[in-house]
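# Structural features, examined
Listed below are the residues making up each chain.
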Amino acid sequence: MKRKLMFAMLMIGIVFSYSNVQAQTEQSESDSLECLKNFSLYSLSYKKKIYEYAIEPWREMFNNCPSITVRVYSDGVSLYEHFIAKEKDAIRKEGLIDTLLMIYDQRIQYFGDHVKYPEGWIIGRKGLDIVRYRRNQPKALQEAYDCFNASYHKLNMKMEPLVALNWLQTSNTLREKGKVTPDEFLEIYLSVDDVLGHYIKNETKESKISMLNKISSTCVKILSNSGFDNCEQLENSMALRYEEVKEDPAAVGRILRLLNNLECTDGILFAKAAEQNYKLEPSDFAAYFLAKLFVKKGDLDKAKHYYNE
């Protein structure tokens, strides 16, 4: 009896000492000595990257102890990514991908209310892996699109930037196939731009701001290359947004670049944005757009002045 008690205490100690584990101690059958034993077996092998030894006790945890710790799911994704990369047989690989996606579904069931990584975050990550492994399958692409939509509606401005980018890319592919209308595609672009603008505004690290700006530029290129050429529709969609963000130089700059890239520079919105952009941040970028504006107006003296700047 004593030895069994000591063994149980040892297993509990392993669970709580394993780095970053947030154990969910529930008084149920899943929170048993067998669960703790399998957790220690898989986690130690996983930590040493001996994945072939980790997988069987991990499966026991996944099937029989689903609510013990969220690490079962994050580690499970890493395990299956490893085995998918190694698998050469196409049929077996598809089976491994099925299990990977099932890990996300079960994580939602047991940890969908996690404070830091809630259901919307999990669905977004699932969408990323669908695109990663099944981008050439039409039904899978629609499933990924649905995941990204759900992620946005649950997280809004907290949607991950990489998920937002893939949402736009996926919607563009579906637009080309006639599954997403131009209006829907534009709305998604505007939502993605909102998300990126939110992150840029609240980020303090220059390296991350640079990365976010690159993602934003990529999104503008996707829209520019999509053949979207309805300037009136674009201006109508952007007018209210401009009024909301016109004191934010980064947001005004994004609107201006978008209008310029789509050659929508003849309307009132471009003029407003160009003048406001120069007022907020009198840079070479801002001066260029003002010069372009005055060329359109036929005021070549002012255009020359801003081109010189």
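### Observations regarding a nonpolar patch on the surface
A grouping of Y288, V295, L300 and Y307 is seen on the molecular surface, where their side chains present a nonpolar patch of about 400 Å² in accessible area. Among the secondary structure elements, those contributing two or more residues to the nonpolar patch are α14 (284-297) and α15 (300-308). Its location among the elements puts Y288 in helix α14. Given the relative accessible area of 37%, Y288 is considered partly exposed.

### Thoughts on the state of the cysteines
On inspection of all chains with the given rule, the structure shows two disulfides. Disulfide partner of C35: C65, at an S-S distance of 1.9 Å. Disulfide C35-C65: the torsion about the S-S bond is -90 degrees, which places it as left-handed. Linking C35 in helix α2 (residues 33-47) with C65 in the loop between α3 (51-64) and α4 (71-86), this pair joins segments that are 30 residues apart in sequence. Comparing C35 with C65 shows no difference in burial state: the two are buried. A disulfide bridge connects C231 with C264, and the sulfur atoms are separated by 2.1 Å.

### Things to note about the confidence of the model for the protein chain
For the protein chain, the mean per-residue pLDDT works out to 87, and 90% of the residues sit at or above 70. With pLDDT under 50 throughout, residues 1-27 is counted as low confidence; its partners more than four residues away or in other chains account for 38 contacts.

### Structural notes on helix α7 (residues 138-155)
The terminal C-alpha atoms of α7, which comprises 18 residues, lie 26 Å apart, in line with the 26 Å expected from a rise of 1.5 Å per residue. Among all positions of α7, only A140, L141, A144, Y145, C147, F148, N149, S151, Y152 and L155 are buried. Residues of α7 that are buried in the fold lie against α6 (119-134), α8 (161-176) and α9 (182-202). Of the residues trailing α7, N156 is marked for its positive phi of about 55 degrees.

### What to know about the packing of aromatic side chains
Taken as a whole and assessed by the stated rule, the structure comprises 13 aromatic pairs. Centroid distance F39 to Y42: 5.5 Å. Interplanar angle 85 degrees. Geometry classified as edge-to-face. Of this pair, F39 and Y42 both sit in helix α2, three residues apart, which is roughly one turn of that helix. Each residue in the set W58, F62, Y73, Y80, F83 and F111 is aromatic and connected to the rest through ring pairs, giving one cluster. Geometry around F185 places R175 over its ring, the cationic atom sitting 5.4 Å from the centre.

### With respect to the pattern of salt bridges
As enumerated under the stated definition, the model contains 17 salt bridges in all. For D129, the salt bridge identified is with R132, shortest N-O distance 3.8 Å. Taken together, the residues span about one helical turn, with D129 and R132 both in helix α6 at a distance of three residues. Accessibility expressed as a relative area gives 48% for R132, which makes it partly exposed. For R175, the salt bridge goes to E176, with nearest N and O atoms at 4.0 Å. Judged by relative accessible area, R175 falls into the buried class, the value being 19%. Here the residues in one salt-bridge network are E81, D129 and R132, joined through shared partners.

### Quick word on the nonpolar core
In terms of nonpolar packing, the biggest core is built from 91 residues, with W58, L79, M159 and L234 touching the most fellow members. The dominant element in this core, judged by the number of residues it contributes, is α9, at nine residues.

### Notes on α2
The periodicity of an α-helix, 3.6 residues per turn, causes residues three or four places apart in sequence to face the same way. Taking 1.5 Å per residue as the helical rise, α2 with its 15 residues ought to reach 21 Å, and the 21 Å between its terminal C-alpha atoms agrees with that figure. Taken residue by residue, α2 has C35, L36, N38, F39, S40, Y42, S43, S45 and Y46 as its buried positions. Two residues or fewer past α2, K49 is found with a positive phi of approximately 65 degrees.

### Quick word on unusual backbone geometry
With a phi angle near 65 degrees, K49 is a residue other than glycine that sits in the positive phi range. Mapped onto the elements, K49 comes out in the loop between α2 and α3. The exposed category is assigned to K49, whose relative accessible area is 61%. Positive phi, close to 55 degrees, is recorded for E263, a residue that is not glycine. Mapping E263 onto the fold places it in the loop between α12 (249-261) and α13 (268-280).

### Some details on the packing of α9 against helix α10 (residues 206-224)
One can describe the packing of α9 onto α10 by two numbers: an axis separation of 10 Å at closest approach and a directional angle of 165 degrees. Taken together, the axis directions place α9 and α10 in an arrangement best described as roughly antiparallel. Considering how the two elements wind past one another, α9 and α10 form a crossing that is left-handed. Where α9 abuts α10, its residues F185, L186, Y189, V192, D193, L196, Y199 and I200 lie against L212, N213, I215, S216, C219, V220, I222 and L223.

Cut-offs used in this document
Residues numbered from 1 in each chain as written. Predicted model: local features only at pLDDT ≥ 70, side-chain atom pairs only at ≥ 80, totals over all residues. Heavy atoms only, no water. Patch = residues over 30% accessible without salt bridge, like charges linked within 9 Å, V, L, I, M, F, W, Y side chains within 5 Å. Areas by Shrake-Rupley, 256 points an atom, 1.4 Å probe, with all protein chains shown as cover. Salt bridge = Lys/Arg side-chain N within 4 Å of Asp/Glu carboxyl O. Helix = DSSP H or I, 4+ residues; strand = E, 2+ residues; numbered from the N terminus. Buried < 20%, exposed > 50% of the residue type's maximum accessible area, 1.4 Å probe, protein only. Disulfide = S-S within 2.5 Å. pLDDT = per-residue confidence, 0-100. Contact = heavy atoms within 4.5 Å. Expected span 1.5 Å × (residues − 1). Phe/Tyr/Trp six-rings, centres within 6.5 Å; stacked < 30°, edge-to-face > 60°. Lys NZ or Arg CZ within 6 Å of the ring centre and 35° of its normal. Core = buried A, V, L, I, M, F, W, Y, C linked by side-chain atoms within 4.5 Å. Axes fitted to C-alpha atoms, helices over the stretch in contact; angles between N-to-C directions. Parallel < 35°, antiparallel > 145°, perpendicular 65-115°, else oblique. Left-handed = near helix turned anticlockwise from the far one by under 90°.

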